[in-house]
Amino acid sequence: MLTDTIVVAASLAWLGLLFGAALWGERRGFKLDRHWGAVYALSLAVYCTSWTFYGTVTQAARSGWPLPPTFVGTILLYVFGAGVLIQLIRLAREHNASSIADLIATRLGRNSWLAAAVTGVALLGLIPYVALQLKAVAMSYGMLTRASELTPPPWGDSALYVALAMALFAMLFGTRSASAVEHNRGLVLAVAVESLFKLGVMLTLGAFVVVGPNWPAPPLTAEPGGAEGFPALVLLGVLVMFTLPHQFHVGVVECRDERHLRTARWMFPLYMVLIALPLLPLARVGLEKLAPLGVPSDLYVLALPLSQGQGGLALLAFLGGLSAATGMVILATLSLSLMIGNHWLAPLRVRGAWAQPGGPSRRGEVLLQRRIGIVAVVLLAWFYSRAIAGSEALADIGAVSFSALATIAPALGFAMWRPRTSASAVLIGMVLGVLVWIWVLLLPSLGPLLFSDTAWLQHGPFGWTFLSPDGFLGLTGWSRVLRAVVVSLAVATLVSWLIDHAWQRKPDAESRRRIPSLALHDLASRFLQSGRVEQLFAEAGDEVFATAQLQSEVERDLASVLGAASARLLLDTARTQLGPDLETVAIIVGEASQVSRFNQRLLEAALENMSQGISVVDGEQRLVAWNRRYAELFGFPESMLHVGQPVETLARWALERGFGSGGEMEAAVQRRIQHMRAGTPHLSERKFPDGTVVEIRGNPMPDGGFVATFTDVTQFRRAETELTRANETLELRVDERTRELDQ
């Protein structure tokens, strides 16, 4: 028999392994660069949550379909709609968007109210989905340990401690950098590992059922109306790949290379087909053996092994469900905390202390508010999971969450294909779409819990049946989910379009107030890393006031920390608070700084006229400085050398053209990168393709960067060779003369 101690110890061990995978990914993840397309594709399987383990078995039992309808929609999207995904990735990268709310607000005029509304809808839809994961863990834990209490007291609820552990994991690996667009290798690798594990567990369960004594089981007979929501769920399977905040994060923000999407186009659909294979056999055997005993179909995955005395397999199934829930909860809480911090809290802060001249770095405050957001989201989901205990099947909760998040889709569509649409029009349309969804689906779902008399569901307010939730607009033959999804999407799209065409709008005008370069530098320093700030302002020249281009670049980088709407609001607030006195001071300081800039140009001239080639890279192995001789030695095209260019790209380019010592090229590239990451000094000589002999000396810098010098020692080596030959010739002549004298 499985005891609490065994189950808890196994759970902690598995979560520890995931923690180790994330830690290894952060420190050594670059070793998987050649295979990162597969890692990316597997990380997309965070889509397969505990609903896949438990709720989709219920769907199969109801409908008799071998593949969950949401999977069908997602597979169709990846097979036939990959172009839309590529466009979304490019737009997010272009605008430095860190979330779906950020991208929508950026494309539609950086409207902070729209970003806040999208965040609200995401929270409304995702909290029940996170609660679903916690409820699934609590249900499965209760069955595995044969807990007698369906609703234990808060301090005895296993879901609470699981939720807090997941929140800790998310804070450790998701809130280490203020920039939300930096790729998180550790977190992505951990999700990929848990995806492999839950796939292996599900296939093992399928094999157990198929080769066991209860197979073959009688074929399923679909329940009346069991498949009526199928079209709606297929549509939701398409839409939620864009609107699920955590799916947007892992699929768009964490996409390091568009080529990885090519791998995901076949690997991710294949993964979903494989993990769905056991669902129908589990449902068939469960209905035959367990349904007569009153076991819920959500728990067939655990109850079947237990009924056969296979406690170890049941524990493995529990860990698979825990793994599926963990990946989703970590990414969901992280993405929601980013949106809450950037679009609810940051707009309040940027109007106050954050926009004041001077002051300390604010990066710590940004990270703190994200961590608080993670804890708040997890606790809200836990409270919700206790509120719905025993009231709904997991499959029903998942459908409600997906349909709520689908109301964001029209706003995303306008942002992608009609970016000149009024943000206010889109905001009004989305709010009305959400209200329709609440009336048509949410209230009827909660009606039996909230109201003793539910006749209004059929008769409507004031007896107007065409406005009743179950007969809205006369769509009485549709399922609730299909009616809610279609009507809410239609209302949001149509209202946004009509309002946008009805209003006579003037083009948004950029603020004409200038901002001094010194003030902009101070503002950027509070939220960005010092190295990045210096890169941005390196070419500012002697301009007292920041150019429009510099302001745009700073705003783009601030968007990765605060979100686009809050970054725009921060700069606008700063411009408003800068008065004539500060502008006068800026002019005086600008004149004084000309001497310093003259010295800087003098240093640059000295570097350009050195006979040695010099290159400097930062702690992330990106080029930050070089001179003309460096470019000449390697023959780099002018377009290749720019600030921020990964040194890995330069090394690969050089090795492809013979600038190396031979051997396997990729191994040579990684060897050079590892030297820089480890801060290992080195000294070597290389013979270049044109016969030039170059001494290469590399040394680490205190800030984690690396500086390398390249000295042409060809003449020295030639003179050395000639001297050696002369010495050898002299020795021969002396020997010959000695022999002659002896004779």
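Because the structure is predicted, anything quoted here is derived from the model rather than measured.

A. Examining the pairing of strand 2 (residues 623-626) more closely. Across 3 bridges, the pairing between strand 1 (residues 613-617) and strand 2 is antiparallel. What sits directly across from Ser615, in strand 2, is Trp626. Linkage of strand 1 to strand 2, two consecutive antiparallel strands, is achieved through a turn of 5 residues, within which Gln621 is found at a positive phi near 60°.

B. Just the pattern of salt bridges, in detail. Summed over all chains, the structure comprises 14 salt bridges. Here Arg480 makes a salt bridge to Asp470, at a shortest N to O gap of 2.9 Å. Of this pair, Arg480 sits in helix 21 (residues 480-502) while Asp470 is found in the loop between helix 20 (456-459) and helix 21, placing the two residues 10 residues apart along the sequence. Owing to a relative accessible area of 30%, Arg480 belongs among the partly exposed residues under this scheme. Here Glu648 ties to Arg652 by a salt bridge, and the two come within 3.1 Å at their closest N and O atoms.

C. Structural detail: the nonpolar core. By size, the foremost hydrophobic cluster in this structure holds 162 residues, and its most contacted members are Tyr47, Ile104, Leu126 and Phe318. If you look at the next biggest cluster of nonpolar residues, it comprises 25 residues, including Phe636, Leu655, Phe659 and Ala708.

D. Spotlight on a nonpolar patch on the surface. On the surface, Ile428, Val431, Leu432, Leu435 and Trp503 cluster together to form a nonpolar patch covering roughly 410 Å² of accessible area. By secondary structure assignment, the location of Val431 is in helix 19 (residues 423-450).

E. Representation of the pairing of strand 4 (residues 693-700). Of the pairings in the sheet, the one linking strand 3 (residues 682-687) to strand 4 comprises 6 bridges and is antiparallel in character. Within the sheet, the bridge partner assigned to Glu685 lies in strand 4 and is Glu695. Connecting the antiparallel pair strand 3 and strand 4 is a turn made up of 5 residues, with Gly691 showing a positive phi of about 95°.

F. Representation of the confidence of the model for the protein in the model. Summing up the model confidence of the protein, the mean pLDDT is 81 and the portion of residues at 70 or higher is 84%. Here residues 507-512 is modelled with pLDDT under 50, and outside its nearest four sequence neighbours on either side it reaches 4 contacts, counting other chains as well. Per-residue pLDDT stays below 50 along residues 579-600; that stretch engages in 13 contacts with residues further than four places along the chain or on separate chains.

G. Up close: empty space enclosed by the protein. Under the criterion given, the structure shown has 7 cavities of 30 Å³ or more. The calculated volume of the largest cavity comes to roughly 70 Å³. Split into classes, the residues belonging to the lining of the largest cavity amount to 9 nonpolar, 2 polar and no charged. Reported here for the second largest cavity is a volume of approximately 60 Å³. What lines the second largest cavity is simply Phe208, Val209, Gly212, Pro213, Asn214, Val285, Leu304 and Gln308.

H. Highlighting helix 2 (residues 36-43). Most of helix 2 is tucked away: 7 of the 8 residues are buried. Those residues of helix 2 not exposed but buried are Trp36, Gly37, Val39, Tyr40, Ala41, Leu42 and Ser43. Elements that come into contact with the buried residues of helix 2 comprise helix 5 (82-95), helix 9 (185-211), helix 11 (245-253) and helix 12 (259-276).

Analysis parameters
Residues numbered from 1 in each chain as written. Predicted model: local features only at pLDDT ≥ 70, side-chain atom pairs only at ≥ 80, totals over all residues. Heavy atoms only, no water. Pairing = 2+ DSSP bridges. Helix = DSSP H or I, 4+ residues; strand = E, 2+ residues; numbered from the N terminus. Salt bridge = Lys/Arg side-chain N within 4 Å of Asp/Glu carboxyl O. Buried < 20%, exposed > 50% of the residue type's maximum accessible area, 1.4 Å probe, protein only. Core = buried A, V, L, I, M, F, W, Y, C linked by side-chain atoms within 4.5 Å. Patch = residues over 30% accessible without salt bridge, like charges linked within 9 Å, V, L, I, M, F, W, Y side chains within 5 Å. Areas by Shrake-Rupley, 256 points an atom, 1.4 Å probe, with all protein chains shown as cover. pLDDT = per-residue confidence, 0-100. Contact = heavy atoms within 4.5 Å. 1 Å grid on protein atoms, 1.4 Å probe; cavity = no way out; pocket = protein on both sides within 12 Å on 5 of 7 lines; lining within 4 Å. Points joined across faces, edges and corners; volume = space filled by probe spheres on them. Nonpolar A, V, L, I, M, F, W, Y, C, P; charged D, E, K, R; others polar.

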